[in-house]
Every structure is written in C-alpha cells, then in structure tokens.
Amino acid sequence: MSIFGSNEKKVEEKTTFNFDIDKENINQSNLAKDIKIHGSIEAKDYIDFAGHITGTIKSSTIYLKPDSYVKGTITGDTITIEGEVDGDIQAKDLHIKSTAKIKGNIRYTNIDIQNGSIINADLFYSS
Amino acid sequence: MNYEEHKTGNQDMESVQEYGDNDSKTVNVGAGVRIEGRIDGAEVSDISGTLSGTINSSNINLNSSGIFNGDMSGSDITISGNVEGDINSDQYLIVNQSANIKGTIEYSSLQVSYGAKIQGTIRHKGSVHSYTPNIEPIEKEDETENHENDHEEDV
C-alpha cells in the first residue's frame with residue numbers, strides 16, 4: 001500500500017507541473033506597475049516585477065522592469081535590473097541594463113553592466 | 001659662423017618637430033616592461049606591461065597582460081587587465097571580460113562585460129542630477145538657457 005501511495009503522489013506532481021508549462025512558463029509571477037508592496041516576495045522560479053516594493057524579493061530568476069523601484073534586499077540566482085534599486089543585491093548572474101539606477105551593495109559572481117546605467121554601490125565579488 | 005649656427009639650430013628644431021609629430025603624446029608600455037612613476041599629459045596610453053604610480057591620459061588602454069597599481073584618470077578608458085587602485089573616467093569606461101579591478105571607480109558611462117571581476121566602490125559622476133531625472137534637470141536647463149540668452153542680449 002505504501003508503494004502505491006508514493007506512486008500516486010508522483011503522478012500528482014507531474015500533472016500539476018505539466019499544467020503550469022501548458023499555461024505559462026514555469027511558475028511565473030507578474031507584478032504590474034501599479035502594485036505597491038511593503039513586505040517580502042518569495043518565489044521558486046521567476047518573478048517579473050514592475051511595481052514598487054519596500055522590503056525583500058527572493059527568487060531564482062528576478063526581472064525588474066524599467067519603472068520598478070525596490071528599496072531593500074534582492075536575492076536570486078539570475079537577476080536582471082532595468083529599474084531603480086536602493087539596497088542590497090545578491091546574485092550569481094547579475095545583468096544591469098542601461099535604464100538601471102542602483103544604490104547600495106552588490107554581491108555577485110558574474111556581472112555585466114550596460115552603458116547608461118547609474119551605479120553608486122560597493123561591489124563584492126564571490127566565486 | 002652665424003650662418004652655420006643658424007643652420008644647425010634649424011636642423012635641431014626640425015628633428016625635434018619630426019620626433020614630436022611622429023610620437024605625439026603617446027605612451028606605450030610593452031608586455032614585460034615595468035614602469036614606476038607618473039605619466040602626465042599623454043593622449044593615448046597603451047599598457048601591456050606593469051605600471052605603478054599615476055597616469056593621466058585622455059585615452060588609456062590597459063591590455064589583458066597589463067597590470068596597473070595606483071591612480072588612473074582619463075576620459076576614454078578600456079580595461080582588460082589587472083587594476084589595483086582608483087580609476088577616474090570622464091567619458092567612457094569599458095571593462096572587458098578579462099579585467100580584474102580592485103579599488104574605486106568613478107565614471108560617467110560604464111560598460112562591463114560578463115565575466116569581469118570588480119571589487120570595490122563604483123560612483124557615478126553627477127548622479128545628483130541623474131537620480132531625479134523627471135523634473136529637476138529640465139527646470140535647471142531652462143534656467144541656464146535663459147541666463148545665456150540674457151547675456152547675449154546685454155552684449
């Protein structure tokens with residue numbers, strides 16, 4: 001019975017996973033321009049953020065759109081910044097685009113910065 | 001005697017001018033060469049060796065084999081090698097993939113390629129204006145334009 005039970009769970013997981021792929025990409029959250037958050041956002045896969053947040057964002061992939069504003073800390077594997085950040089950023093792959101404005105501390109393994117971005121920050125490299 | 005002196009003097013001047021024209025304000029530090037000290041007033045500096053000290057040049061190119069320790073200032077700077085110290089760029093600062101920088105960077109326009117290592121502080125010049133780009137700078141520009149117009153009218 002126990003073996004049967006575990007099989008059943010696996011099937012459930014697979015079906016929900018497929019459902020996500022069919023609808024959108026893997027667990028993607030989109031937060032639009034007019035959203036203002038005081039607190040924290042945490043996700044497993046992907047956050048697409050265009051609003052304002054005072055607090056923290058945590059996800060494996062984070063994409064901050066041009067009009068976004070983050071005051072606080074951002075933690076993720078791959079972070080792309082096109083908006084304004086005032087606080088700490090921690091990423092394995094950090095992409096700073098031309099529209100980005102960053103103030104604070106940046107901890108990274110790989111970084112690339114586009115022409116036009118405004119950065120006033122302390123950079124810490126960690127392999 | 002006077003004629004000869006005049007002639008030799010001219011020759012000297014010509015040779016100096018020729019030398020100046022050919023190598024005008026360029027500095028080349030070849031790979032394996034070490035220099036310590038201060039370079040000032042150069043236009044193009046190409047560094048593949050080791051340079052310790054201060055460099056002031058409008059164009060600076062630190063190649064991947066180049067090592068620099070000290071203060072660097074210029075308008076267009078490209079870094080592909082190792083830097084320990086301060087970089088001050090008035091215009092374009094390009095940091096290539098092979099670069100390894102420890103220190104303080106002051107820039108107007110910065111481009112960093114994926115894979116470059118930077119440890120230290122980055123400061124954008126004139127960021128007071130650019131942090132509030134929506135309202136304030138436009139008003140200030142208008143004011144300066146008006147002042148300029150006033151001056152022209154007075155003259």
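Let us look at the structure shown here.

Cut-offs applied
Residues numbered from 1 in each chain as written. Chains lettered and ligands numbered in written order. Predicted model: local features only at pLDDT ≥ 70, side-chain atom pairs only at ≥ 80, totals over all residues. Heavy atoms only, no water. Helix = DSSP H or I, 4+ residues; strand = E, 2+ residues; numbered from the N terminus. Buried < 20%, exposed > 50% of the residue type's maximum accessible area, 1.4 Å probe, protein only. Contact = heavy atoms within 4.5 Å. Areas by Shrake-Rupley, 256 points an atom, 1.4 Å probe, with all protein chains shown as cover. Buried area = accessible area lost by both parts, 1.4 Å probe. Salt bridge = Lys/Arg side-chain N within 4 Å of Asp/Glu carboxyl O. Polar contact = N/O pair within 3.5 Å; in protein donor to acceptor, adjacent residues only side chain to side chain. Nonpolar A, V, L, I, M, F, W, Y, C, P; charged D, E, K, R; others polar. Pairing = 2+ DSSP bridges. Phe/Tyr/Trp six-rings, centres within 6.5 Å; stacked < 30°, edge-to-face > 60°. Lys NZ or Arg CZ within 6 Å of the ring centre and 35° of its normal. Core = buried A, V, L, I, M, F, W, Y, C linked by side-chain atoms within 4.5 Å.

## As for the overall build of chain A
Okay, so step 1: Tallying secondary structure elements over chain A gives 1 helix and 9 strands in all.
Okay, so step 2: Counting helices and strands in the order they occur from the N terminus, chain A gives α-β-β-β-β-β-β-β-β-β.
Okay, so step 3: Split into buried and exposed, the 127 residues of chain A put 34% on the buried side.
Okay, so step 4: Put simply, of all contacts in chain A between residues at least 6 apart along the chain, 1% involve residues at least 24 apart.
Okay, so step 5: For chain A, the computed accessible surface area is about 7,300 Å², with 51% contributed by carbon and sulfur atoms.

## Description of the interface of chain B and chain A
The figure often quoted for interface size is the accessible area lost as the parts come together.
Okay, so step 1: Taken together, the contact pairs 22 residues of chain B with 23 residues of chain A.
Okay, so step 2: Both sides together, the interface formed by chain B and chain A hides about 1,900 Å², and carbon and sulfur atoms give 46% of it.
Okay, so step 3: Here chain B and chain A share 0 salt bridges between them.
Okay, so step 4: At the junction of chain B with chain A, the criterion picks out 13 residue pairs in polar contact (both at pLDDT 80 or more).
Okay, so step 5: Mapped by element, the contributors of at least two residues to the side of chain B that touches chain A are strand 9 (109–112), strand 10 (117–124) and helix 2 (127–130) of chain B.
Okay, so step 6: No other element matches strand 10 of chain B, which puts 8 residues into the side of chain B that touches chain A.
Okay, so step 7: Grouping the amino acids of the side of chain B that touches chain A by side-chain chemistry returns 10 nonpolar, 10 polar and 2 charged.
Okay, so step 8: When strand 9 (residues 118–125) of chain A meets strand 10 of chain B, the two strands line up antiparallel, connected through 3 bridges. Bridge pairing links Ala-121 of chain A to Ile-122 of chain B in strand 10 of chain B.

## A closer look at the pattern of salt bridges
Residues and elements named next belong to chain A.
Okay, so step 1: Here the structure, examined in full by the defined rule, presents 6 salt bridges over all chains.
Okay, so step 2: With its nearest N and O atoms 3.2 Å apart, the salt bridge here joins Asp-67 to Lys-33. Of this pair, Asp-67 sits in the loop between strand 5 (61–64) and strand 6 (69–81) while Lys-33 is found in the loop between strand 1 (28–31) and strand 2 (36–42), placing the two residues 34 residues apart along the sequence.
Okay, so step 3: Judged by relative accessible area, Lys-33 falls into the exposed class, the value being 56%.

## A short note on the packing of aromatic side chains
Okay, so step 1: Taken as a whole and judged by the stated rule, the model has 1 aromatic pair over all chains.
Okay, so step 2: When the ring centre of Phe-124 of chain A is taken as origin, the NZ or CZ atom of Arg-107 of chain A, which lies over that ring, is 4.5 Å away.

## Regarding the side chain of Ser-109 of chain B
Okay, so step 1: Its location among the elements puts Ser-109 of chain B in strand 9.
Okay, so step 2: Since its relative accessible area comes to 12%, Ser-109 of chain B is described here as buried.
Okay, so step 3: Within the structure, the side chain of Ser-109 of chain B is placed 2.3 Å from the side chain of Asn-115 of chain A, a separation counted as a polar contact.
Okay, so step 4: Setting aside anything within four residues of it in sequence, one finds Ser-109 of chain B in contact with Asn-115 and Gly-116 of chain A together with Gln-91, Tyr-92 and Leu-93 of chain B.

## Concerning the nonpolar core
A general tendency of soluble globular proteins is for nonpolar side chains to be buried together.
Okay, so step 1: Judged by nonpolar contacts, the single largest core of 52 residues is most densely connected at Ile-57 and Ile-106 of chain A together with Ile-79 of chain B.
Okay, so step 2: Apart from residues lying up to four places away in sequence, Ile-57 of chain A is in contact with Ile-41, Ile-47, Phe-49, Ile-62, Leu-64, Val-70, Thr-73, Ile-74 and Thr-75 of chain A.

## Points about the environment of Phe-68 of chain B
Residue and element names in this part refer to chain B.
Okay, so step 1: On the secondary structure map, Phe-68 appears in strand 4 (residues 67–74).
Okay, so step 2: Considering only alpha carbons, one finds Phe-68 and Glu-36, 32 residues apart in sequence, at a separation of 10.0 Å.
Okay, so step 3: Apart from the residues lying within four places of it in its own chain, the contact partners of Phe-68 are Leu-51, Gly-53, Ile-55, Leu-62, Asn-82, Val-83 and Glu-84.

## Side note on the pairing of strand 6 of chain A
Okay, so step 1: One ladder, built from 7 bridges, connects strand 4 (residues 52–58) of chain A with strand 6 of chain A; its direction is parallel. What sits directly across from Thr-56 of chain A, in strand 6 of chain A, is Thr-73 of chain A.

## A few points about the environment of Met-72 of chain B
Residue and element names in this part refer to chain B.
Okay, so step 1: Tracing the backbone through its elements, the reader meets Met-72 in strand 4.
Okay, so step 2: Residues Met-72 and Ile-60 lie 12 residues apart in sequence; the distance between their C-alpha atoms is 8.6 Å.
Okay, so step 3: Those residues in contact with Met-72, other than ones at most four positions away along the chain, are Ile-55, Ile-60, Ile-77, Ile-79, Asp-86, Ile-87 and Asn-88.

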